[in-house]
Amino acid sequence: MIRPSRATAFRLQYYEVQFAFEPSKHWVLSAYLYLVTLKKTYRFRMEPNAAQRVALERNAGSRRYVWNWALAQRNAHYRATGKGLPAAELSRRLTALKREPDTAWLRDVDSQALQQTLADLQRAYVNFFEKRARFPRFKSRKRDQARFRIPQRVTIADGRVY
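Okay, so let's go over this structure.

The rules behind each value
Residues numbered from 1 in each chain as written. Predicted model: local features only at pLDDT ≥ 70, side-chain atom pairs only at ≥ 80, totals over all residues. Heavy atoms only, no water. Axes fitted to C-alpha atoms, helices over the stretch in contact; angles between N-to-C directions. Helix = DSSP H or I, 4+ residues; strand = E, 2+ residues; numbered from the N terminus. Left-handed = near helix turned anticlockwise from the far one by under 90°. Contact = heavy atoms within 4.5 Å. Nonpolar A, V, L, I, M, F, W, Y, C, P; charged D, E, K, R; others polar. Salt bridge = Lys/Arg side-chain N within 4 Å of Asp/Glu carboxyl O.

With respect to the packing of helix α2 (residues 87-99) against helix α3 (residues 111-129)
- Their axes nearest at 11 Å, the elements α2 and α3 cross at an angle of 145°. Considering the relative orientation of α2 and α3, their crossing is right-handed. Seen from α2, the contacting residues are A87, L90, S91, L94 and K98; seen from α3, they are S111, L114, Q115, L118 and Q122.
- Within the contact of α2 with α3, the residues separate by chemical class into five nonpolar, four polar and one charged.

Here's the deal with the pattern of salt bridges
- Overall, the coordinates contain five salt bridges when judged by the stated rule.
- Connected through shared salt-bridge partners, E89, R92 and R93 make up one network.

Quick notes on the environment of D110
- Along the chain, D110 turns up in the loop between α2 and α3.
- As a C-alpha pair, D110 and I150 span 40 residues in sequence and 8.0 Å in three-dimensional space.
- When sequence neighbours within four positions are dropped, the list of residues in contact with D110 reads N59, I150 and R153.

Worth remembering: the numbers are spatial, not functional.
Written out as structure tokens, the structure is:
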């Protein structure tokens, strides 16, 4: 069940959805509404059943795995060549990773969530080189908040997420 914190009367362009597990032991859905001239965030408290909770945790764990894998790939490539790894090459490597038998479980996760993880890592590197943030760190199950984002194909209607 989803309980909206406030309603909107604006015409909507598209949603970007982020799911996050908060310390109070409930999942929170943040729907970012991108409007023509106005950007608003709406937070919803979710009460998932057991199967939904497992699916949310699997998506968050996959995001953490892909982040750590991509960060290791970029670091190893830089050490070997002295150059950064292009985003397109990293995306190709992710596709190859999903085809490997050991990581076939990544195919069960939304592909856009995994691609968004690569985009988030790219943004972290840009922020680091523009001196707005520290160097990207590996994600930890204990230290970091479990979360993932799906930038497209998400709609919210009648109190439900589709």
